[in-house]
Amino acid sequence: MSAVELYTKGARVWLPDPDVVWRGAELLEDYKEAPCKLKVHYEEGEISLQDLHLHQKLAKETESVIDIKDKTKLPHLRNPDILIGENDLTSLSYLNEPEVLYNLKVRFEERNIIYTYCGIVLVAINPYEQLDIYNNDIIQAYSGQDMGAMDPHIYAVAEEAYKRMSRFEQNQSIIVSGESGAGKTVSAKYAMRYFAMVGGSQAETQVEKKVLASNPIMEAIGNAKTTRNDNSSRFGKYIEISFSKSNEIVGAHMRTYLLEKSRVVFQAKDERNYHVFYQLCASRELPELKKFGLMPAEKFYYTSQGKNPVIDGVDDEKEYRTTKEAMKMLGLSEKDINMIFQIFSAVLHFGNVKINEKDGESSEMAPKDPSVGIACKLFGVDESQMRTWICNKKITTVGETLTKPLTAAQASFAQDALSKCIYSKLFDWIVTQINKALVSQTKLHRFIGVLDIYGFETFQINSFEQFCINYANEKLQQIFNMHVFKLEQEEYVKEAIEWSFIDYYDNQPCIDLIEAKLGILDLLDEECKVPNGSDKNWCQKLYGKHLKHSHFQKPKIGMESFIILHFADKVTYTAKGFLDKNRDAVSEEHVNIMKASEYELVAELFADLESDADASKGRVQALQSGPKGTSKKMRKTVGSQFRESLFLLMTTLNSTSPHYIRCIKPNDLKAAFEFEPKRAVEQLRACGVLETIRISAAGFPSRWTYPEFFQRYRVLAISKDINRKDFRKSCQNVLPKLIQDPDKYRFGKTKIFFRAGQVAYLEKLRADKLRACGIMIQKHVRGWLMKNKYQKLRISVLGVQRYGRGLLARRYAQHLRETRAATTIQKHWRGYKTRKSFNRIQKAVVKLQSVIRGYFGRKDFKRRLYEHKTTIIQARVRAYLARRQYKRVIYGVVKIQGHFKRRKAKAELRQLKIEAKSMDHMKNVNKGLENKIIQLQQQLDSKKKVSTDVIHKQEETIKQLETEKEKLLITASEAAKASNKVTELEEELARLRKELEQERGEKQDLISEKQLLKNKYDKEVGQLQSENVKIKAELDESNRKLKEQSKIATVAAGGDQQKWEEQKLQFLSDMESERQHHQRLVKEHNRLLQRFENMQGEMQMLTSPTGHKRTPSDISMISLESVSPDDKKDDGEEGEKEDQGYGTEKKKRQAPVPPSASSMEKVMKEATAEKTDKEKLPKVPEAGIDVGLMLKLQNKVKSLEKERDQLRAKLEGLEEEMKQGTGAFSESAFTTLKDNAYFCLSMQELENENDKLKRECAKLMESIAKTTNFNKGGKTTAAGKEFLDQFEAMTDELERRREECLQLRALLAEKSISTHSVAKQSYGGQDNIVNEDNELTMAYKSQRDIIRLLENQLQKAEGELKKKVGDYDAEVKELRKENDKQHKLIQQSLSMTPDAKIEATMQHEITRLTSENLDLREVIDKQADQIRKLKKMLKVYAKRMKDGEAAEIQAELEKEETKSVENVAQIKHRERNYMGMLEYKKEDEGPLIKVLILDLKPKVTSAFLPGLPAYLLFMCVRHTDYINDDEKVRSFLTSTINGIKKVVKKHHDDLERVTLWLANTCRFLHTLKQYSGEKQFQTENTPRQNEHCLRNFDLAEYRQVFSDLAVWIYQTLIKLMEATIQPSIVSAVLEHEAIAGLTGSKPSGLRGRSSSRAEDTPEHSLDTLMKSMNQFVRTLTQHAVDPELIKQIFRQLYYFLGASALNNLLLRKDMCNWSKGMQIRYNLSHLEQWLRDNKLQESGAGNTLEPIVQASQLLQARKTDADVDSVYEMCSKLTAPQIVKILNLYTPVDEFEERVPISFIRKIQQKLKERDHVETSLLMDLKFSYSVTFPFNPSKIALESIDIPEQLHLGNLVTRS
């Protein structure tokens, strides 16, 4: 169309405005030809409240006249309202700057949408408010979705990059740019978070967590508060996230660019330094930071210049903890973390150093300034050197070096330069450590890079930093332009349309100006090389070289600045400071000071400035003040380094597929959702968005597929042009008639391409056609309505007349009836009133008479009753007084008798107690205690001597060490020429001295500790002695009283038996209390003795010079803890082992061990007790033998033997560990043979210790022998003989240990030959050829390998032997268990009555005979079958002796067997009554589980009884209950549970298999309840089923386990079903269009995004979803799942379906319109009908669809202010964010539909606040699950009627009974 046709009256245009950039207007007259003037009317509706305060006159100017001088100066046309608010700006028909700006404004301000596509660019506007659109639910919603299918979001871009990488194996990059405060860092962070979620792996300790953990660290050290942003990144970074072949994150790498180092020393007003400084100051009270001397941030110069150290809403102390935790997550050690914070703290203190002017030309640091000392201490450098070289510098000339003092300004500059250098180097070091932590050991496959870099910057004063930033943006813009043009070209080629070259802006000349030869950077580097170079001279060179360049200009004022015309704007740069920042110099003296730091990290930062290999970071170079010729190698400047790093970055980006995110800052006030057009349009021009629009507008920006175009514009076609089978042909017929200019469109293979504005023209034609059709429809409808209205009006008038006349007649008749009725009523009423009055008077008189007569009668009755009760009371009181007197007399008599009897009983009891305490065994016990006290005293004396020996041994050690020192000194004097060896010997000597002093201190500590223990021990011995004296006195008194009682007992021997029994019981209780008291004393004594021995062992270990905690004597002492004849037997059984040597198994077991003190005491107590029992037996009256007591004692003995075996096993384990420890000691000793002298001292010390222990043991044995009488009647007792044998064995053991020590010493002496002696003997004194080929090491390794091989063989043999011994022990244990059972039965039988004994014996015998009979019968049957088969095989083989006839033989065998069965007479058995049990053997449990569970296939079970596996399993459980075998039932149920878990886990993706075991698990659970015997589960049982209930086992706990198992299988089934229907939900519920002619589709407008979609993706529809649901129902029904459980399953599935559909709807703007709402509701009605068809409407599944149903109703509802209440009531199941989101997303698809007014949305929001519980969640929780229950469902099937199918092959595993 021509301009005359487009610019007509009523056309809407955009006019430029100085305040709001662009202003909407409407033409008031037609445009004819230029030049001309047009009247326009401004549309005030386009002016927001924010714009009104910028330009107040806008409210007054409503009309204006514009001057059109040329046709090219016509104003921009506006798009129709239907296209406003589109997701993609390139889908607009008119592509121009005002439309882009207005579309972004509408989406941001009115709809609160921050993301918008612009072709391949995602425009992100900073909302300055926390939005709930980044949670994990949103990530899951975008995961796997196509970019065009969802609303714009950063997650959509990330998903696009991830899919392109995974599907096409291409490296991707996401370029995030924008000015400070636009949200670049947050956007990059969310992109990384998305990759961490979708690419999360279980390997490599969760690398994605480490990737995310790098963010808080980099923000702390690289971000700061500026006037534009509270968290501004002051550096650029490029993070490569690496993925494996399985698309899982395996690592990452970070590169940084242009750190703003000047911020360390200077901040503008209202700005802050880097966050880490404020975090340290806020956390200064923490213990780990107190040593740094930190103060509040206001007191540090480097953090207080901005005068605003606090950020609202930010807790710096909390951020410090976050930063520290992130460092720990990345593997930094605590030492490194503390050192990092120490250096940062030192920088703060260094900034507080004050430099004073001195003599004008020099300066000095304040002498008393404490900051200097603190900073130097934290840096670990010399304070004097720092004071000197901060205020001076060194000048090197040809012949000498001079020191020149610096002025105060120069010194302050040097101070700041050093601070910046330290911070920069530490920043680079931290980045390096992060990269090390993120490096992956797995092979990298592909990567996705995220570039977070400055956007284009222009300020009032632009310096070197802005120059580098804009240079980088020029390079990025060049890549961007080329990529956009490439995508356009690829699209045109793909669609095979004709196209001409699109002219786009090429910024290569600007880039050449900066980086080409003799460009700005080259001239800057050249000027830096000049000794006296200056910024002014460099600027003059620029003028001379580039003044004629098209992108370079000279400012009109000033000679130290220049102008560059960048792609975004013209920028004026100030040349001052360019050279210094490019050099980035720091004094060499400062570098040397830092290199000499005592802290390793500080020195490492400055270790080698020249070798820094990271080209991506600015280097800090030492400043050379000498002549140019003194430097052999020129160092790279910051500019050259940045150019190289930028080149590498561009190379990387060019090798990847880029994705662009442009961040926009909407306003400078940081106000939420406020849009300033002027600020926005500046950024849109700078970030390349408008360039994308311009390139798109130059070609064919609007694109429609043929079906979309036909669906939209078929209203403009006539019927003869339409071919429904071929949409393309139809479009080709229609379009030329609508648009006459063929250049305005192109027909592609799949799309139609339109020039800018053509879609708007087609929309205008469509609207006109629809308007004309609407008028015609309205004409006919209005006529029809008026005709109907007249007819209805006439009929109504006639009806009113007819009904009016009838009403009057009826009213008169009614009056006559009412008059007659009134007369009748009056007559009856008067008669009723008179009768009522008479009756009332009569009743009153009668009532009065009855009351008076009743009063006189009651009065007479009360008088008579009073007289009668008085007589009764008198009789009762007299009787009571007589009885009380009698009872008082009787009570006194009884009390006197009781006092007399009690006194007599007390006297008798006292005599019995005296008699009880006079037993002879008390003497023996006390005697044993005296012996023990004497023994302890002797041990104490021996320990004193041991301590004295230890002191002498230490003195000898000191003398030996001094001798060794002299030897070392002699050796050092001989080796004086080898200075390096002298140093080593001096260090060794210092170490020895240190160890000697340490040993002396430890010895003093041990001596003092020993003295304390001795004092405590003496005190406790004294207490024991005093208690012993007291016990002796009581014993004597008891003996005396016992003699007196014996006399009394002789006299009173004829007393009654009951009295004697009572005295006996009292005596036994007193005896038991005395025994307990004595045992407590013995236990306390043993505890003290053990503690003393432990302390002695600890002293020996501490005094050992090598620190070795194990000696041969220790090994011998360990074996003292177990002495019994059984141990000797065990030793004898294992005596055939062939191992020899020190610490081996055989040596340990062969050597008899001496008894310990506790074991000897035990033997003596047993002997004493035995003697006492023998003496006591005659005194006790004889009674019958208590067999039950005897059996209990036998059981006790058995349990003690069992505990003894367990202790023995533990002892063997300890010995095995000791053996391993000895081996480790030998190996460690062998590896330390280099220090031969030290090892000899160790061996000598071990030998001395061995001798001392030997002497100590001898003395101990001697003292025991003296104090213990082992002879009885001139013969050695058993205890004495055993003691002497063990003593001799211990002596032999010590002798053998000594011989082994000597052998080891001799071996050490042989090994200690020095290399020099070997060389002297074998190599002619040439030391250098002794180990020339490393043959000594090889020989050592080979010998070590041989030893290890022999050890492995020996350990293997030992393991086999132990296995056999374990098997034997297991058999013995089984026999013992059987024996225990028999004892229990005997004990129970003894405690029963005679009748019960006989019954129990008979029952036990019957059970035993029955089980034996069954076993024998089974054996006989098997043997008979085997014999029959063998006989037949013999016959067949006798006939067939040839080879190769195995198949014929088998067939012959089967034939013969069949014939024999037919010929032999059959024995007919009577029909057997089964008990509903399956008997199986314990060894067949595994095969049974395999057949019934693991190998069972659903297809096989489909022909069986439903739940048959569950019934068979329970029948097996019934048999275990019948035989009362708890171990068997426990094993069987455990195997069943594990088998079900295994099969479900293995086949978790098999719907039928999971359903099968869900049904059978529930059936098994119900069967356990039904046959549990509990009444609540037996209400529906038959009598026969009640007989089958479990009788011996209560499986309630297992029921809970199976219930949990069923819940787990249910959840697995739900996940499987959800995964099955998930791909079909969106297409079935949202996209399926079943209503013909009703569509809401519009072109998506996404250009170049279809390549990431999978071409082979299957089509999903509502029918697909229905088929899946029908399959679920069939499977569940086939396997007889409980109906209630089926309802719960589909309720959960419908919730997932509705939630998924609603979540997708909330993220898709194209789905939010009236037509889609109708389609969605229609699709949901099919799902509801499906529930009714399958009788599942009562399951509650339909209710779970209410949220999505209400969402569809909301799309269809009217949305005016009057409808607020109805909408509020209708959307009861939707949350407030969901309702507001749908209303904001609502977009009309036709001009006749109305947009949702902003006022309506605001009123809805206010109304929603009235809800009681306001939910803030936007998306529904897809992981929510309803609680599942398993209602009890008993079975009517009798267990005895169940047959086992032959297909299961259970004939050999179970027997039916």
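Cut-offs and rules
Residues numbered from 1 in each chain as written. Predicted model: local features only at pLDDT ≥ 70, side-chain atom pairs only at ≥ 80, totals over all residues. Heavy atoms only, no water. Core = buried A, V, L, I, M, F, W, Y, C linked by side-chain atoms within 4.5 Å. Buried < 20%, exposed > 50% of the residue type's maximum accessible area, 1.4 Å probe, protein only. Helix = DSSP H or I, 4+ residues; strand = E, 2+ residues; numbered from the N terminus. Contact = heavy atoms within 4.5 Å. Expected span 1.5 Å × (residues − 1). Arc of directions from axis to C-beta. Phe/Tyr/Trp six-rings, centres within 6.5 Å; stacked < 30°, edge-to-face > 60°. Pairing = 2+ DSSP bridges. Axes fitted to C-alpha atoms, helices over the stretch in contact; angles between N-to-C directions. Polar contact = N/O pair within 3.5 Å; in protein donor to acceptor, adjacent residues only side chain to side chain.

General note: in soluble globular proteins, nonpolar side chains tend to be found buried as a group. F195, F344 and F562 are the most contacted members of the largest nonpolar core, which has 309 residues in total. Here this core gets 15 residues from one element, more than from any other, and that element is helix α49 (residues 1596–1631). Among all residues touching F344, those that are not within four sequence positions of it are I221, V276, F277, L280, Y423, L426 and I430. Grouped together as the second largest cluster of nonpolar side chains are 18 residues, Y713, I739, Y745 and Y761 included.

What follows covers helix α12 (residues 334–351). Here α12 contains 18 residues, and its C-alpha end-to-end distance of 26 Å stays within 8% of the 26 Å for a straight helix at 1.5 Å per residue. Counting buried positions over the 18 residues of α12 gives 15, a clear majority of the element.

Attention shifts here to helix α43 (residues 1485–1494). Buried within α43 are the following residues: E1485, L1488, I1489, L1492 and I1493. Projected onto a plane normal to the axis of α43, the buried residues spread over an arc of 95° and lie on a single side. Here the buried face of α43 lies against β29 (1478–1480), α45 (1508–1523), α46 (1526–1546), α47 (1551–1570) and β30 (1854–1856).

On inspection of all chains with the given rule, the structure shows 43 aromatic pairs. Consider the rings of F1564 and F1602, whose centres lie 4.7 Å apart with planes at 50°: the pair is tilted. With a gap of 38 residues between them, F1564 in helix α47 and F1602 in helix α49 connect regions that are remote in the sequence. In terms of burial, F1564 and F1602 fall into one category: buried.

Strand order in the open sheet formed by seven strands is β6-β7-β23-β8-β17-β11-β12, and the pairing between neighbours is mixed. Taken across any chain shown, the strands that pair with only one partner, and hence form the sheet edges, are β6 (115–118) and β12 (249–257). For this sheet, the mean angle separating the axes of adjacent strands, direction not counted, is 20°. Relative to β12, strand β11 (residues 236–243) runs antiparallel, the two being bridged by eight bridges. Bridge pairing in β12 places G236 opposite Y257.

When you line up the elements, S233 lands in strand β10 (residues 232–233). Within polar-contact distance, the side chain of S233 engages the side chain of T185 at 2.3 Å. At 3.4 Å, the side chain of S233 and the side chain of N223 are in polar contact. Excluding anything up to four places from it in sequence, S233 contacts T185, G222, N223, D452 and Y454.

Once that is clear, we can look at the sheet that holds strand β2 (residues 21–27). Judged by pairing direction, the sheet is antiparallel, and its five strands sit side by side in the order β4-β3-β2-β1-β5 without closing on themselves. Both outer strands of the open sheet, β4 (63–68) and β5 (76–77), are each paired with one neighbouring strand and no more. Where strand β3 (residues 36–42) lies against β4, six bridges are found, and the strand directions are antiparallel. Paired with H41 across the two strands is E63, which belongs to β4. The sheet strands contacting helix α3 (residues 97–110) are β1 (12–17), β2 and β5, and the helix crosses β2 at an angle near 105°.

This is a description of form; function is not addressed.
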